[in-house]
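# Structural characterization, general
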Amino acid sequence: MFQDNPLLAQLKQQIQENLPKKEGTIKATEKGFGFLEVDSKTSYFIPPPYMKKCMHGDKVKAIIRTEKEREQAEPEELLEQGLNRFIGRVKLFKGKLNVAPDHPQLKKLSLKAKTRKGIKSDDLKEGDWVVAQLIRHPLKGDNGFFVEITEKITDADDKIAPWWVTLAQNDLPNSEPAGIDNWEIIDDEDLERLDMTHIPFVTIDGESTKDMDDALYAKKTEAGDFELTIAIADPTAYITPDSEMDKVARERGFTIYLPGRNIPMLPRDLADELCSLIENQQRPALCCRVTVSKEGVIGDDIAFFAANIKSHARLAYDHVSDWIENGASEAWQPSDEIAQVVRDLYEFSLARADWREKNAVVFPDRPDYRFELSEDNDVVAIHADMRRSANRLVEEAMITANICAGKTLQATFDSGVFNTHAGFKPEKIEDVVKLVNPDGELPFTAESVATLEGFAALRRWLAEQETSYLDNRIRKSQAYSEIGNKPLPHYAMGLELYATWTSPIRKYGDMINHRMLKAHILGKEPVQTADETVGEELALHRKHHKIAERNVGDWLYARTLADEPAKETKFHGEIFDINRAGMRVRLVENGAAAFIPGSLILANKERLECNADEGTIAIDKEVVYRLGDVLEVVLSDVNQESRSIVAKPTQIFEEVKTVEEVTSDVE
């Protein structure tokens, strides 16, 4: 008799209006219930029936009720969908099309679906990877969730899925731009190119590198100084700022580097052929010549100019390193002329490295982990490549070139595309000083570490410590590196200015700097300048590319290490993060990241303390692990569906090593 009673409905509405309401974000659990997280300290329980109207990540307004002396939330209004465009897998239930989102908190969801016009549902099979769009939501008054499949990515069993799915997930291209039939050099007619084809430039790259964008030449003077010339491939000789190709390059921002493959920013016929500094082929280049003293000081005689150059030798990192380090290489026997160029380049690099170690910031040597793939995209091996003599040689030349560009762009235009770093976050400086200088005996104060010189001095001091614990602690207090159009310092490198121009085939910002450096050469206004938005654009591209690189890596690691828990293979894990739930380690042997939950360290919450602020793990109030420590671990679980790896220590109270000691053991 109370059904459809208007008075009862009005009373119910009045009660609801008087109940408290909160805004927050939905956090789902595997057991069907969830929580409304209002802030970092406040959350409300959401029963399973109410969770059917929302999903993980939704921002909602909810009614707060008290049931059996417990407050719980009933989502009432959708403020922002947590899921819009997403990647998922096809699920077929009694012939009906559904999509399961590829997300850790949403994997158990199966959403009813339809296909966009042009996609045939009959072509979709169980497990196929697709892009979908959530188009209906219960909190919008719709009858349940509903999605539209907008694109098929690849088949369920395709071994290339890690790459294609990750690229689609980050809305990144999966192929290089299309080239054109006839590329022509379209330089400013006033730009004179010097003929430097007789200068014995050399390129030093990986053996498989095709887009060779830098060639080097050095000559040691009688006084012991070095005359260094850096020649950089010049795609801006073919691409104007107002062209469609330039628009494509800007939209991409960078070449995308993923484990086992890359997606070029420019067409391959330009990047790998016309612009690539191929041995014995004449190429247009933008060059910088500068004198570097035997003490490693960059001179004031920085000169930029355009030229036609020719690489006289295409060299490989390992061959050159073998020759430098061992006096000979079985795979490479240089001519006397090339040998002298490499020798002078190497001596230059030692002088610069010594100067930077004493006056700037030198990053510690860490291995670069490289996946070796078979033709059908299986992982054959994971290599830990250490930086060797030839790698450092090229690195010092590129850093020198970018310092020269920074100084020139500042002096001429007070603008350009600069890589910058602001040091410590202002609100964290006092904490950093208390951490590294608690007794006030060291020359580090809040005022000093806020300066470039003081910051660099502190980083050099940290590099001298026996362990990397303090270094790991204060890294969380540092600002993020940025890209901008103002000439600001790069604290993390200990440099006053840093503007990259040495990879214009791979970085759009370097193309802008090329155009501005050409304007400097000509004494003209640039045909393109670095506007205020370009730094934000490039930073966003870089962020998405790094996420994609990490996600593909996680996928391949899970695929490669799937059998290791059963084998009980022992690895060394360096602790790089500690939170209240446990710690994260990076396996020194292959670079994989693994999580060690507190329960696998000690199954006693009362005795175990994981302190994120201190970066320590203690048992019975005695610290047993710290950030930067390396411990022996075995893998306890590898989940290929979630691409996650769980590890556990082989011992709890073992003697810990530094990562440097373990890296030395691995080598």
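Residues numbered from 1 in each chain as written. Predicted model: local features only at pLDDT ≥ 70, side-chain atom pairs only at ≥ 80, totals over all residues. Heavy atoms only, no water.

From N to C terminus, the protein includes 17 helices and 30 strands. Here the protein has a C-alpha radius of gyration of 29 Å; the compact-globule value for 667 residues is 26 Å, and the two agree. Judged by the C-alpha coordinates and their principal axes, the protein covers about 105 × 65 × 50 Å. Counting across all 667 residues of the protein, residues that qualify as buried make up 49%. For the protein, the share of sequence-separated contacts (at least 6 apart) that also reach a separation of at least 24 residues comes to 66%. Carbon together with sulfur atoms contributes 46% to the accessible area of the protein, which is approximately 33,900 Å² in total. Taken as two groups, the 85 positive and 117 negative side-chain charges of the protein have centres that lie 7 Å from each other. (Helix = DSSP H or I, 4+ residues; strand = E, 2+ residues; numbered from the N terminus. Rg over C-alpha atoms; globule rule 2.2 N^0.38 Å. Buried < 20%, exposed > 50% of the residue type's maximum accessible area, 1.4 Å probe, protein only. Contact = heavy atoms within 4.5 Å. Areas by Shrake-Rupley, 256 points an atom, 1.4 Å probe, with all protein chains shown as cover. Lys, Arg positive; Asp, Glu negative; His and termini not counted. Charge placed at Lys NZ, Arg CZ, Asp CG, Glu CD.)

UniProt's feature table lists "domain: S1 motif" (unreviewed entry) at residues 568-650, given in the numbering used throughout. A helix fraction of 5% and a strand fraction of 61% characterise residues 568-650, whose end C-alpha atoms lie 10 Å from each other. (UniProt positions renumbered as here; feature names shortened; annotations may be inferred.)

What follows covers the sheet that holds strand 9 (residues 129-136). Here we have 5 strands rolled up into a closed barrel, ordered 6-7-8-10-9, and mixed in their pairing. For this sheet, the mean angle separating the axes of adjacent strands, direction not counted, is 55 degrees. (Pairing = 2+ DSSP bridges. Axes fitted to C-alpha atoms, helices over the stretch in contact; angles between N-to-C directions.)

Now for the packing of aromatic side chains. Within this structure, the stated rule accounts for 11 aromatic pairs. On the numbers, 5.9 Å between centres and 90 degrees between planes, the contact of Phe33 with Phe35 is edge-to-face. Residue classification places Phe35 among the partly exposed positions, given a relative accessible area of 25%. Clustering of aromatic rings is evident, with ring pairs tying together Phe33, Phe35 and Phe45. Between the NZ or CZ atom of Arg70 and the centre of the ring of Phe45, over which it lies, the distance is 4.0 Å. (Phe/Tyr/Trp six-rings, centres within 6.5 Å; stacked < 30°, edge-to-face > 60°. Lys NZ or Arg CZ within 6 Å of the ring centre and 35° of its normal.)

Next up on the list: the pattern of salt bridges. Summed over the entire model, instances satisfying the criterion amount to 42 salt bridges. The salt bridge partner of Glu77 is Lys61, with a shortest N-O separation of 4.0 Å. Of the two residues, Glu77 is situated in strand 5 (residues 70-80) and Lys61 in strand 4 (residues 59-67); the sequence distance between them amounts to 16 residues. Of the charged contacts, one joins Arg370 and Asp385 as a salt bridge, the two residues approaching to 2.7 Å between their closest N and O atoms. Here Arg370 is found in strand 18 (residues 368-373), whereas its partner Asp385 is found in strand 19 (residues 379-385), with 15 residues between them in sequence. (Salt bridge = Lys/Arg side-chain N within 4 Å of Asp/Glu carboxyl O.)

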